[in-house]
Amino acid sequence: MRYLTPENVYFRLHHIRPRFKNDVESVLLYIANEISRIPKLSNDDFKVRFNDAIRLYPGNIVSKKKTIDNWRTEISALFGLIQKDFVEKMSWPSSIAIKLSDEQDLVRFFKCFLYYFQYPGGHVKPYSVKKMIALGIKFKPAQYILKILESGEIRTGGRFSINKAELTHCVFNDLRVTRDKCSCEEIVESLINNRKNEIDYDWTGDVIRYAGDILDYMVLANLLVLHGNDYYINWKEREAITAFIKNDSWFTGFDKYYNSQENIPYRQLEAEWYDYVNTYLGPNLFRTDVLKYLDVDESSYQALISSSIGEIESKVDVDGKSKTKDIGDLGESLILGHECMRIKLGNREDLIHLIKRIPTHLAIGYDIQSVELDACKRYIEVKATISNIPANFTVYPENCFTHAKTCTIRTKTCS
């Protein structure tokens, strides 16, 4: 039997979906870095500068203007990376864009994004906002999801999960939740009963995508962990999860228009929304402990740990938190240690002296000069950020920087 949300309480929540969602971390880091360099400009001039930056992202150089415009709209609307004054017709980089550029902390960025995210909000188009207000919807998805999972664990006495289809049909598309504030305990009982009775759900990608997005962003924020199709609460982030569950913040700009015939000043409220999502949360809330992400296997990487731990310890504050400006240095130290170990395990210790870190001021396009086991040179550019996604490596085996055999490894995280 298939579960169907009753028609009289069905309404599908949605939000802007960036077409780069599968590469969202790389795009956000790039855009935050580029946009933070743009000064406060007129809306038109800022748009031109922003579009130029987007076009330089790999793969966009031949994109049509409409595609570039869509990227700009999706990035700014969903993630609030631009703040605007519609009276003065000026735009400037948002404080969260600048903070992401400075800290390179994607985990904290997604926590802040989800902490404020709500329906209705300035991230959806005016006609959608109007519809949500007319229906009486007021909903903070990340908070509600965490409450469901916490309630489920209390109810079952063990780990409790939810999947994208369950969240879509039992929560996101049901006005009894998004409007009438159905208790999390009721949702848990419904999920348990549906599982017991082997009720299935529509898993069509287009159907589950919006609830699925929020779950995926919560994984990127380290609030949830994913096993197969099931999302579980990540109690390693207990402090952050408690902050979410107790979060009583709400963007009140739309509130006066519920049960009102008054015209909604969308432009003005959009600017207020971007100010709201850029509200400063203080220096410590959601601050990421970098050491959690230095996930090095002891048996395989003992040499790497030994060679890097001294520098890591010297760059960690007394409270166990890393100074964000040192993240890049830590990443380079780890890769440097990795390269030395690789050469040693290849029985070419005679080549280790050729592995060198390149001083930043030389600005020659790579960070570490290394070697292959056959003594050919190897050039490595290190990109170190705080991320909940494992490190990835992209290798370009020929003609990266010289006519010799070379390669570039781009690391996404410090792990």
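Conventions adopted
- Residues numbered from 1 in each chain as written.
- Predicted model: local features only at pLDDT ≥ 70, side-chain atom pairs only at ≥ 80, totals over all residues.
- Heavy atoms only, no water.
- 1 Å grid on protein atoms, 1.4 Å probe; cavity = no way out; pocket = protein on both sides within 12 Å on 5 of 7 lines; lining within 4 Å.
- Points joined across faces, edges and corners; volume = space filled by probe spheres on them.
- Helix = DSSP H or I, 4+ residues; strand = E, 2+ residues; numbered from the N terminus.
- Nonpolar A, V, L, I, M, F, W, Y, C, P; charged D, E, K, R; others polar.
- Expected span 1.5 Å × (residues − 1).
- Buried < 20%, exposed > 50% of the residue type's maximum accessible area, 1.4 Å probe, protein only.
- Contact = heavy atoms within 4.5 Å.
- Pairing = 2+ DSSP bridges.
- pLDDT = per-residue confidence, 0-100.
- Core = buried A, V, L, I, M, F, W, Y, C linked by side-chain atoms within 4.5 Å.
- Polar contact = N/O pair within 3.5 Å; in protein donor to acceptor, adjacent residues only side chain to side chain.
- Patch = residues over 30% accessible without salt bridge, like charges linked within 9 Å, V, L, I, M, F, W, Y side chains within 5 Å.
- Areas by Shrake-Rupley, 256 points an atom, 1.4 Å probe, with all protein chains shown as cover.
- Salt bridge = Lys/Arg side-chain N within 4 Å of Asp/Glu carboxyl O.
- Axes fitted to C-alpha atoms, helices over the stretch in contact; angles between N-to-C directions.
- Parallel < 35°, antiparallel > 145°, perpendicular 65-115°, else oblique.

Now for empty space enclosed by the protein. Evaluation of the coordinates by the stated rule reveals 3 cavities of 30 Å³ or more. Taken as a whole, the largest cavity spans an internal volume of roughly 120 Å³. Lining the largest cavity are 14 residues, and of these L78, F79, I96, F113 and V277 sit closest to its centre. Elements with a contribution of two residues or more to the lining of the largest cavity: α3 (65-79), α5 (106-116) and α13 (266-277). With 4 residues, α5 is the single largest residue contributor to the lining of the largest cavity. Here the residues of the lining of the largest cavity sort into 12 nonpolar, 2 polar and no charged. In this model, the second largest cavity occupies a volume close to 40 Å³. Lining the second largest cavity we find R12, L13, T168, F172, N173, V207, I208, Y210 and A211. Broken down by secondary-structure element, the contributors of at least two residues to the lining of the second largest cavity are α8 (164-172) and α11 (205-220). Looking at which element gives the most residues to the lining of the second largest cavity, the answer is α11, with 4 residues. Residue classes in the lining of the second largest cavity are distributed as 6 nonpolar, 2 polar and 1 charged.

This part takes up α13. The α-helix winds at 3.6 residues per turn, so residues separated by three or four positions along the chain end up facing the same way. Taking 1.5 Å as the rise per residue, α13 with 12 residues should run 16 Å; its terminal C-alpha atoms sit 16 Å apart, in good agreement. Here α13 has its buried residues at L269, A271, W273, Y274, Y276 and V277. Where α13 is buried, its residues contact α3, β2 (82-85), α4 (95-103) and α5.

Read from one edge of the open sheet, 3 strands run β7-β8-β9, paired in antiparallel fashion. Two strands lie at the open edges of the sheet, namely β7 (356-357) and β9 (377-380), each paired on one side alone. The pairing of strand β8 (residues 368-371) with β9 spans 4 bridges and is classified as antiparallel. Counterpart to V371 in the pairing with β9 is K377.

In this sheet, strand β6 (residues 230-233) lies alongside strand β5 (residues 224-227) in antiparallel orientation, the contact comprising 4 bridges. Bridge pairing links V225 to Y232 in β6. Hairpin connection from β5 to β6: 2 residues lie between these consecutive antiparallel strands, with G228 at a positive phi of about 65°.

Glancing now at the confidence of the model for the protein. For the protein, per-residue confidence averages 83 on the pLDDT scale, and residues scoring 70 or more make up 80% of the total. Scored below 50 in pLDDT, residues 293-298 shows 19 contacts in the model against residues more than four places distant or in partner chains. Here residues 392-415 is a poorly scored stretch, pLDDT under 50, and it has 74 contacts once near neighbours within four places are set aside; other chains count.

Turning our attention to the sheet that holds strand β1 (residues 41-42). Strand order in the open sheet formed by 3 strands is β1-β3-β2, and the pairing between neighbours is antiparallel. Edge positions in the sheet fall to β1 and β2, since each of these pairs with one other strand and no more. Examined bridge by bridge, β1 and strand β3 (residues 90-93) share 2 bridges and lie antiparallel to one another. Looking across to β3, one finds that S42 is bridged to M90.

The biggest cluster of nonpolar side chains holds 100 residues, and the ones touching the most others in it are F79, L81, F110, L114, I148 and V171. F79 has contacts with P18, V24, L28, E74, I96, F109, F110, F113 and Y217, leaving out every residue within four places of it along the chain. Membership of the second largest hydrophobic core comes to 8 residues, among which are I335, L351, I355 and V382.

Before going further, it helps to examine α8. With 8 of its 9 residues buried, α8 lies for the most part within the structure. Taken together, the buried positions of α8 are occupied by A165, E166, L167, T168, H169, C170, V171 and F172. Each element contacted by the buried residues of α8 is listed here: α7 (141-156), β4 (161-162), α9 (175-178), α10 (184-196) and α11. A side-chain oxygen of the first residue of α8 lies 3.1 Å from the backbone nitrogen of A165; this N-cap is N163.

What follows concerns a nonpolar patch on the surface. Taken together, L56, I61 and V62 make up a surface patch of nonpolar side chains, about 350 Å² in accessible area. Tracing the chain through its elements places V62 in the loop between α2 (43-55) and α3. According to the relative accessible area criterion, V62 is exposed, its value standing at 72%.

Two faces belong to every sheet, and in a regular strand the side chains alternate between them. Across 2 bridges, β4 lies against β6 in antiparallel orientation. For I162, the partnering residue across the bridge sits in β6 and is Y231.

A word on the packing of α8 against α11. For the pair α8 and α11, interaxial distance at closest approach is 8 Å and the crossing angle is 105°. Regarding the angle of α8 to α11, the classification is roughly perpendicular. For the pair α8 and α11, the contacting residues are K164, A165, L167, T168, H169 and F172 in the first and V207, I208, Y210, A211, G212, I214, L215 and D216 in the second. Looking at the contact of α8 with α11, its residues break down into 9 nonpolar, 3 polar and 2 charged.

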